[in-house]
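# Chain and residue survey
These are the residues of each chain, in order.
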Amino acid sequence: EGMAPPQRILFPPEKICMVWQQRQSGAGAGLFNVGNTCFLNAVLQCLTYTPPLANYLLSREHSQACHQTGFCMMCIMEAHVNKVLHSPVSAILPLAVLRVFRCIGEHFQPGREEDAHDFLCCTVNAMQRACLGASSDLDLSSQSTTIVYQIFGGFLRSRVTCFSCKAISDSYEAFLDVPLDIKAASSLTEALQDFVTPEHLDGENCFKCNKCKKNVAASKRFTVHCAPKVLTVCLKRFDCFTGGKINKVVEYPEYLDLRPYMSQAEGEPLHYSLYAVLVHSGVSCHGGHYFCYTKASNGLWYQMDDESVELRCIDTALRQQAYLLFYAR
């Protein structure tokens, strides 16, 4: 509704399976740290335990049909996930990913602690480029039909309502994760409520209304228009200017209903279940340590801290100072 339909479907949506197709008795291998690579390890583990992505990568369907020469992030992730989940040893070196580190993001520097959210965005974008391959000239709606976008992608609607003539102006933007301000929120649901609360536009921040043909006061409201299969939330803990960190507790539930934050807020609940939590410990974005909690295919939670993989209870996973949260529909 309100958006152009895709001209081409790049991956059949009915082939995406949200539950594990291969169940294992335990978790896969841990990942060795080669010097400030905890951010990379934590992000890779969260992606490895994303069921619809893991199902596809474990099938090796991508590499069997891939014609790309040179760097292909999907082929690299496929090799990595198969190695982690089928490993006979307790920890491996994520060599396939380390070798292409600079291809994932040219601003990344080996040996330097990078931001986990930035690395996640760059990795998912590199996977998206690999899925598009030669078809990057497609319309935006078609580009959002890759397996990557069908798993992680959604659309936000920005609705501006003119206070003078009541005209409504809608625009849509694709997203792969939702960054949430936590300065005034003590829980995920509060932060989501703040996200969809209308913002008042006036003064220097006026809106140029097409109908009134002048600058007017208006309200602007974001809502989730198309919900993703996997919802990735970034709790904005770091100050862009100082690098300082918001260390407060922000509560997050195991089960989340996204319906109240949708453009269409009435209707069936949209239930999501938490499957990974990425944590930053430390006082600023320039240092500290990243690790994560993930739910393996056996339904149990594990703390993954570089090469260490330890069984934990869900309560421990729910009581962390989370930086990134991963929910699956």
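Structure: see above.
In every chain, residue numbers begin from 1 and rise along the written sequence. Under the rules for a predicted model, residues below a pLDDT of 70 receive no local features and side-chain atom pairs below 80 are neither given nor counted, while totals for whole chains, interfaces and linings still include all residues. As a rule here, side-chain values cover all heavy atoms of the structure and leave hydrogens and water aside.

The axes of two packed helices give the description: the angle between them and the distance between them. As a rule, the C-alpha atoms of each element are fitted with a line to give its axis, helices using only the stretch in contact, and angles between N-to-C directions run from 0 to 180 degrees. Numbering of helices and strands runs from the N terminus; a helix is a DSSP stretch of H or I covering at least four residues, while a strand is a stretch of E covering at least two. In contact at an axis separation of 9 Å, helix H1 (residues 38-48) and helix H7 (residues 116-132) are set at 50 degrees when each is read in the N-to-C sense. Our classification of the angle between H1 and H7 gives oblique. For the pair H1 and H7, the sense of crossing is right-handed. On H7, the residues that touch Phe39, Leu40, Val43 and Leu47 of H1 are Ala116, Phe119, Leu120, Thr123 and Val124. All amino acids are sorted into three groups, where Ala, Val, Leu, Ile, Met, Phe, Trp, Tyr, Cys and Pro are nonpolar, Asp, Glu, Lys and Arg are charged, and the leftover types, Gly among them, are polar. Counted by class, the contact of H1 with H7 contains eight nonpolar, one polar and no charged residues. For this classification, under 35 degrees means roughly parallel, over 145 means roughly antiparallel, 65 to 115 means roughly perpendicular, and everything else is oblique. The crossing is said to be left-handed when, going from far helix to near helix, the turn is anticlockwise and less than a right angle, and right-handed when the turn is clockwise. Should any heavy atoms of two residues lie within 4.5 Å, those residues are considered in contact.

With that settled, consider a nonpolar patch on the surface. On the surface, Phe32, Val34, Leu93 and Leu95 cluster together into a nonpolar patch covering about 300 Å² of accessible area. With respect to the helices and strands, the residue Phe32 is situated in the loop between strand E1 (30-31) and H1. Only residues whose relative accessible area exceeds 30% and that take part in no salt bridge are eligible for patches, with like-charged residues grouped when within 9 Å of each other and nonpolar side chains (Val, Leu, Ile, Met, Phe, Trp, Tyr) grouped when within 5 Å. Every accessible area reported is derived by Shrake-Rupley at a probe size of 1.4 Å, with residue values counting cover from the shown protein chains alone. Every case where a carboxyl oxygen of Asp or Glu lies within 4 Å of a side-chain nitrogen of Lys or Arg is listed as a salt bridge.

Aromatic contacts are taken between Phe, Tyr and Trp rings whose centres are within 6.5 Å, Trp giving its six-membered ring; a plane angle under 30 degrees counts as stacked, one over 60 as edge-to-face, and the others as tilted. Evaluated as defined, the whole model comprises 12 aromatic pairs. Their ring planes at 55 degrees and their centres at 5.7 Å tell us that Phe108 and Phe119 sit as a pair that is tilted. On the criterion of sequence distance, the pair formed by Phe108 in the loop between helix H6 (101-104) and H7 and Phe119 in helix H7 is long-range, its members being 11 residues apart. Residues Phe108 and Phe119 agree in their burial class; the two are buried. Grouped by ring-pair contacts, the aromatic residues Phe39, Phe101, Phe108 and Phe119 constitute a single cluster. Only protein chains enter the accessibility calculation, which uses a 1.4 Å probe. A residue is then buried if its area is under 20% of the maximum for its type, exposed if over 50%, and partly exposed in between.

Within the secondary structure, His86 is located in the loop between helix H4 (73-85) and strand E2 (91-92). Taking relative accessible area as the criterion, His86 reaches 44% and is therefore assigned partly exposed. Once residues within four sequence positions are removed from consideration, His86 is found in contact with Gln22, Gln24 and Leu58.

For a helix, the expected span equals 1.5 Å multiplied by the number of residues minus one. Between its terminal C-alpha atoms H4 stretches 18 Å, which fits the 18 Å expected from 13 residues at 1.5 Å a residue. Most of H4 sits out of view: 10 of its 13 residues are buried. Along H4, the residues that are buried comprise Met73, Met74, Ile76, Met77, Glu78, His80, Val81, Asn82, Val84 and Leu85.

With that settled, consider the pattern of salt bridges. A full pass over the atoms with the stated rule returns four salt bridges. Residues Glu114 and Arg112 are paired through a salt bridge, measuring 3.1 Å at the closest nitrogen-oxygen approach. Owing to a relative accessible area of 37%, Arg112 belongs among the partly exposed residues under this scheme.

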